[in-house]
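Report on the structure
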Amino acid sequence: MNCEFIHQNINDVCQGNLTSLEQQKVDAHLTNCPECQHMLEQHQAYLTKLAGLQTPELSADKKQQMLNKLNTNKAASSNNSFIKGFAAASVLFLSVFLFNQQQVNSVVETPIAQNINIEAFTTQVSLVIYVPEDMPDADLQLQIPDEVELVGYEGLAQLNWPVALKKGANVLQLPIEVPEGVDLNQTIQFIANINNNNTQKDFELEVKLVSPQLGAADSVFNLTNPTANDFNNLG
Amino acid sequence: MNKVVSLLFGNNKQQSFEQIVEPYLNLMFKVAYQYTGNTEDAEDLVQEVLAELFKNLTKLQQAEKTKAWIMRCLYNKFVDQYRQQKSRPLIDSLDDEQQIPLTQATPEHELLLTHQQVLAGLSQLNSNQRALVTMHDINGYTLVELAEIMQKPVGTLKSDLHRARAKLKILFNLQPSDIQSRHCM
Ligand SMILES: [Zn+2]
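An account of the accompanying structure is given in this report. All of these numbers come straight from a predicted model, not from anything done at the bench.

All names here are of chain A. Protein-derived coordination of the zinc ion comes from Cys3 (SG), His29 (NE2), Cys33 (SG) and Cys36 (SG), at a distance range of 2.1 to 2.4 Å. Around the zinc ion, the four donor atoms are arranged such that angles at the metal cover 104 to 117°; this shape is classified as tetrahedral. All donors of the zinc ion belong to a single chain; written as a sequence motif, their spacing is C-x25-H-x3-C-x2-C. Of this pair, Cys3 sits in helix α1 (residues 3-8) while Cys33 is found in the loop between α3 (20-32) and α4 (34-51), placing the two residues 30 residues apart along the sequence. Residue classification places Cys33 among the buried residues on the basis of a relative accessible area of 7%.

Structure (structure tokens):
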């Protein structure tokens, strides 16, 4: 045992976090080393002083207030994360939502190399809702097709939740699980309903499943143009 | 986009933002208070960290070491925020109305005095030293853990810690007489 050990492990020495063998050796060293003794006393006083720092409690109300602030104070989405959302999606559906239109279906097709899914996988569906004006108090209802599950909502066939839609594109990413045995070649159908100021709009969203390995690159390619085309067609 | 996603995850039984961060709120606030030295700044800091974590919800949900991730975010926000303010003014707990005449000192006053001395000492350190001292010497994080949180080599942290402790030890020994002199004025 030497001074160096005590220097290097000074907090443990002060707080008694040593093995009994180490403690014995430290004790033996200290009886012969006034420098270490002095340093240890000083450090002990320092640690005791620091331990005297008190911290006020964060009240439950304050916690809730902080968390609530996040929900009312969110910044508009950045283009960056918007693009990232697309890039991450390997199953996509794309919808154009205008109140003066009847029903708009849009299918994004991607090449399918296999038919039956041998292994369950989780992927993300990006739902793009394009609205002509801000809709701060809209309600969104979504029916989940039987073939897939929404991660975290397994077994649920329908979901409702309030949404604040901004003028322009709004992306909703749904983590979905595709169980094994599902025919990846089929088209599955999500049905969504948006209610804004008692004006309702239903829309069907047809999705072709693609395994994550195959889908990612194509998705980005497919998404950029259909959006523009759809709007041209609707114009 | 965040709004829509959050509303979805807000209902999610397994992965909601609140469920991830709630267990760490007390710790975040405690450390934020140790960093900033007052309640208001600590609350602001925690709020900013929450906003940052919220923006990175997906990463947070996938993070293996949630606590280290949160602590890193807290540290980074603190250092960013206080980089501009080179020398922090002495903390408000040394204001005159909070001073206790030493002749009236009771055990409670002793505790308050120690608390004030520590805050005053910490306020003399730069933000990096301050974070290091509080995390290592108060909260018991190891240098290896702190290397991950602060993204610095252990060797650098070790010498920074050494310097910060030396400065604090001097300040702690000087402060009682300093405070006493303030009362005599
Ligand atoms: Zn020695």
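All names here are of chain B. Tracing the backbone shows Tyr33 in helix α3 (residues 25-36). On the basis of relative accessible area, Tyr33 is assigned to the buried category, the value being 6%. Taking the C-alpha atoms as reference, Tyr33 lies 8.9 Å from Leu45; in sequence the two are twelve residues apart.

It is worth spelling out the side chain of A:Asn11 at this point. Within the element layout of this structure, A:Asn11 appears in helix α2 (residues 10-14). Here A:Asn11 falls in the buried class, since its relative accessible area comes to 9%. If we ignore the near neighbours within four places in the chain, the residues touching A:Asn11 are A:His43, A:Leu47, B:His136, B:Asp137 and B:Arg165.

Residue and element names in this part refer to chain B. If you trace the backbone, Gln61 turns up in helix α5 (residues 57-62). Among the residues examined, Gln61 registers a relative accessible area of 18% and is labelled buried. Sequence separation between Gln61 and Ile20 is 41 residues; the distance between their C-alpha atoms is 7.7 Å.

Conventions used here
- Residues numbered from 1 in each chain as written.
- Chains lettered and ligands numbered in written order.
- Predicted model: local features only at pLDDT ≥ 70, side-chain atom pairs only at ≥ 80, totals over all residues.
- Heavy atoms only, no water.
- Donors = N, O, S within 2.8 Å, 3.2 Å for Na, K, Ca; no water.
- Tetrahedral: all angles 85-135°; square planar, octahedral: opposite > 155°, others 65-115°.
- Helix = DSSP H or I, 4+ residues; strand = E, 2+ residues; numbered from the N terminus.
- Buried < 20%, exposed > 50% of the residue type's maximum accessible area, 1.4 Å probe, protein only.
- Contact = heavy atoms within 4.5 Å.

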